[in-house]
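Listed below, chain by chain, are the residues.
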Amino acid sequence: MKTIILGAKGMLGGALQEVFPNALALDRAELDLFDTGAVEALFEKEQPELVINAAAYNAVDQCEEDAAQKEIAFRLNSEVPKQLATLCKSMGATFVHYSSDYVFAGDGSQPHAEASKTGPVNVYGESKLAGEQAVQEVGGQYYIIRLSRLFGKEGQSEVSKRSFIDTMLYLVKEVGKTELSIVDDEVGSPTYAPDLAAFTKSLIEEKAESGIYHGANSGECSWFAFANEAFALASLDVKTTPCGSDAYPRAAKRPAYTTLNNSKRLPMRSWQDALADYIT
Ligand SMILES: NC(=O)c1ccc[n+]([C@@H]2O[C@H](COP(=O)([O-])OP(=O)(O)OC[C@H]3O[C@@H](n4cnc5c(N)ncnc54)[C@H](OP(=O)(O)O)[C@@H]3O)[C@@H](O)[C@H]2O)c1
């Protein structure tokens, strides 16, 4: 199947290339997704049957208060997927796009199913929700896969953020921290990039119905529990203390409870098993 991966140098883009080794994998240097003419020309030339879009604007705090950054977030997270979905539909290709647990308000206490009510509490979440809506409006054969708290091999892109887990390990191993206060009042579903890439492949191979899917590992945890599990697996001796999110003031509000329940497919392995795979 002729496949294009966009956002190839990101964390997820790297994992996708392992699972789709024959895909044409492109990053911004080869194809700037803001150049609508170049995007159209690429589709015309390559005639893809499958397009996987792992490119995104992910700077949650930067786009909250800066109008120019907000505009970029909406362009990359909503207008770009709209064009990609439209081109895919016009040539009968399957389109895969990724979204976030931040489309939810996070004020409940039950895991969110794919059809649960959305209500983002920050600009980044609004831009990701706008992308979901745009792709759904276009229609065609598409998969929108929501994930959360991505971890795995670091992305090669300059914009790739160091994952939370890698940050924790870095603070202890490289910076030499022996004590850490870690947020315990935000709960969600960690997602291991290779597991998400395999989940994506299974949707395509099994020709699953178009729609929204939750592609996180099973289970839930706070940042505090997530970090403690990583330290235990890495046999690192560090004293951790739980704290509230107000201990680390940030521009963008975070939703408190965003656990993703995958109610449409077989459950993925637990985040603990995936983390053990990553760390050991
Ligand atoms: N990371 C998380 O914890 C998390 C949580 C929830 C949802 N998600 C979603 O998961 C997906 C993958 O995220 P990720 O963390 O793997 O992303 P990432 O590491 O931040 O990578 C983003 C990619 O987008 C590319 N990109 C940015 N602007 C572009 C442009 N104008 N044209 C072409 N490419 C451009 C970057 O290319 P350059 O290398 O050239 O800059 C980079 O390869 C995204 O949809 C994200 O919103 C991630």
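Now for a quick tour of the structure. (Residues numbered from 1 in each chain as written. Predicted model: local features only at pLDDT ≥ 70, side-chain atom pairs only at ≥ 80, totals over all residues. Heavy atoms only, no water.)

1. Observations concerning the site of the ligand
Stated precisely, the cut-off is as follows: Nearness is defined per residue: one heavy atom within 4 Å of the molecule or strand is enough. Each polar contact in these results corresponds to two N or O atoms within 3.5 Å; when the atoms are within protein, one needs to be able to donate a hydrogen and the other to accept it, and residues that are neighboring in sequence are counted only if both atoms are side-chain atoms. Note on areas: Shrake-Rupley, 1.4 Å probe, and residue coverage restricted to the protein chains presented here. In this text, helices come from DSSP runs of H or I with a minimum length of four residues, and strands from runs of E with a minimum of two, each type numbered from the N-terminal end. In this classification, the charged set is Asp, Glu, Lys and Arg, the nonpolar set is Ala, Val, Leu, Ile, Met, Phe, Trp, Tyr, Cys and Pro, and all remaining amino acids, among them Gly, are polar.
Lining the immediate surroundings of the ligand are 27 residues, of which Asp 27, Arg 28, Asn 58, Ser 157 and Ser 160 lie closest. Ala 56 is positioned with one of its backbone polar atoms (N or O) 3.3 Å from an oxygen atom of the ligand. Starting from 920 Å² of accessible surface for the ligand in isolation, the protein chains cover 91%. Residue assignment for the shell around the ligand shows that the elements contributing at least two residues are helix H1 (11-19), strand E4 (94-100) and helix H5 (123-138). For the shell around the ligand, the element with the most residues is E4, which contributes 3 residues. Split into classes, the residues belonging to the shell around the ligand amount to 14 nonpolar, 7 polar and 6 charged.

2. Focus on the packing of helix H8 (residues 223-233) against helix H9 (residues 271-279)
Basically, it comes down to this: In this analysis, axes come from line fits to C-alpha atoms, helices being fitted only over the stretch in contact, and the angle between any two N-to-C directions falls in the range 0 to 180 degrees. Throughout, the term roughly parallel applies to angles under 35 degrees, roughly antiparallel to angles over 145, roughly perpendicular to angles from 65 to 115, and oblique to all others. Handedness of a crossing follows from how the near helix is turned relative to the far one, being left-handed for an anticlockwise turn of less than a right angle and right-handed for a clockwise one. What makes two residues a contact is simply this: any of their non-hydrogen atoms within 4.5 Å.
Running from amino to carboxyl end, H8 crosses H9 at an angle of 40 degrees, the nearest separation of the two axes being 10 Å. For the element pair H8 / H9, the angle class is oblique. Judged by the sense of rotation from one axis to the other, the crossing of H8 with H9 is right-handed. Judged by residue contacts, Ala 225, Phe 226, Glu 229, Ala 230 and Leu 233 of H8 engage Trp 271, Gln 272, Leu 275, Ala 276 and Ile 279 from H9. Each residue belonging to the contact of H8 with H9 can be placed in one class, and the counts come to 8 nonpolar, 1 polar and 1 charged.

3. Concerning the side chain of Thr 191
Here Thr 191 shows up in strand E9 (residues 191-192). At a separation of 3.5 Å, a polar atom in the side chain of Thr 191 contacts the main-chain carbonyl oxygen of Ser 189. When residues no more than four places from it in sequence are discounted, the contact partners of Thr 191 are Leu 147, Ser 148, Arg 149, Leu 150, Phe 151, Leu 196, Gly 215, Ala 216 and Asn 217.

4. Some details on helix H4 (residues 67-91)
This is how it is decided: For a helix, the expected span equals 1.5 Å multiplied by the residue count minus one. At any given residue, the bend is defined as the angle formed between two axes, one fitted to the seven residues that end at that position and one fitted to the seven that begin there. When a residue's accessible area, from a 1.4 Å probe over protein chains only, is under 20% of the maximum for its type it is buried; when over 50% it is exposed; and in between it is partly exposed.
For H4, with 25 residues, the first-to-last C-alpha span of 35 Å sits near the 36 Å given by 1.5 Å per residue. The principal kink in H4, of about 35 degrees, is found at Arg 75. Within H4 the residues assigned to the buried category are Gln 69, Ala 73, Leu 76, Asn 77, Ser 78, Val 80, Pro 81, Gln 83, Leu 84, Ala 85, Leu 87 and Cys 88. Looking at the buried side of H4, the elements it contacts are strand E1 (3-6), helix H2 (36-46), strand E3 (50-53), helix H3 (62-65), E4 and H5. At the N-terminal end of H4, a side-chain oxygen is found 2.9 Å from the backbone nitrogen of Ala 68, two or three residues along, and the residue is Asp 66. Directly after H4, the chain includes Gly 92, whose backbone phi takes a positive value near 70 degrees.

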